[in-house]
Structure formats: structure tokens, C-alpha cells
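# Coordinate inspection notes
Residue strings, one per chain:
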Amino acid sequence: MLDLSRSTLLIVDFPGAYKLRERLLSTGASLHVVKPAGALIWARCKKIHAAFISFEDASTRFCEQLAALDVRPIIVTATGVASASTSWRSILASKPARDLAAKLIDKRCPGNF
């Protein structure tokens, strides 16, 4: 089982965010489902190890603001990511998923490293 017990993850609210949160709870990570403005407040106050955002919220400005607050990686979610059949390990650990996320982030979130 994947252990993220020392990690703080943000999920910027989108349809399916709470299902994604449920799936991630077993990793031991500290999870917070927030609105976009809340994500920026959290990132200013606490070290955030990753953020899940919807494609709709993945504006260049929002991603730049998160990246400037040292939130990396920023994972752009697609429809179905939070489905019951999705493996959290496959989202986080598989090279194709990381490559796809990186391509999406590079296009939507310049400056995300």
C-alpha cells in the first residue's frame, strides 16, 4: 500500500472530488477539499505536497500562483479519475499517468516543474 502519511494534499473542489478524497484516505495523507481561493490560502500557510485540480480550474494564472507557493506537482484531473475502478497507485506512480499529467500541466500551467 502506498504510504503518504507525511504528505498534505489539496483537492480543488470539482465533481467527484469527495470520491477522490475517499480513495486517497487509505494512503494516510492529510487531505483537504477546497475551493480555488482556499487552495491559495492553504498553500500560503502550509507545505502542500501536491494539488489535484480540474481541467476547468487549470488556468495559467491559477497554476502559476500555486507553483509560486511551491505546490508541486499540480495534477490536472480528467473525468473519471475519481471513479471506484481507478487505482490511486496508478495515478501517482505509473509513468504514463505522470507523463500525461506533465503534458497537461505543461500546456495549461507554464512554469510547473
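Everything below is about the structure printed above this text.
Residues numbered from 1 in each chain as written. Predicted model: local features only at pLDDT ≥ 70, side-chain atom pairs only at ≥ 80, totals over all residues. Heavy atoms only, no water.

## Looking at the nonpolar core
The tendency in soluble globular proteins is for nonpolar side chains to be buried side by side. If you look at the biggest cluster of nonpolar residues, it comprises 16 residues, and the most contacted ones within it are Leu 10, Ala 39, Ile 53, Phe 62, Leu 66, Val 71 and Ile 74. Elements with a minimum of two residues in this core: strand 1 (8-12), helix 2 (36-45), strand 3 (50-54), helix 3 (60-68) and strand 4 (74-77). Leu 20, Ala 29, Leu 31 and Ala 50 belong to the second-largest nonpolar core, a separate cluster that totals 13 residues. (Core = buried A, V, L, I, M, F, W, Y, C linked by side-chain atoms within 4.5 Å. Buried < 20%, exposed > 50% of the residue type's maximum accessible area, 1.4 Å probe, protein only. Helix = DSSP H or I, 4+ residues; strand = E, 2+ residues; numbered from the N terminus.)

## Topic: the environment of Thr 8
Within the secondary structure, Thr 8 sits in strand 1. For the pair formed by Thr 8 and Ala 51, sequence separation is 43 residues and the distance between their alpha carbons is 8.9 Å. Aside from chain neighbours lying at most four places away, what touches Thr 8 is Ser 30, His 32, Lys 46, Lys 47, Ile 48, His 49 and Ala 50. (Contact = heavy atoms within 4.5 Å.)

## Structural notes on the pairing of strand 4
Residues Ile 74 and Val 76 line one face of strand 4 and the alternating positions Ile 75 and Thr 77 line the opposite face, and both faces are buried. Where strand 3 lies against strand 4, four bridges are found, and the strand directions are parallel. Considered in strand 4, the bridge of Phe 52 is made with Ile 75. One crossover worth recording links strand 3 to the parallel strand 4 by way of helix 3, and it is right-handed. (Pairing = 2+ DSSP bridges. Right-handed = clockwise from strand over helix to strand, strands pointing away.)

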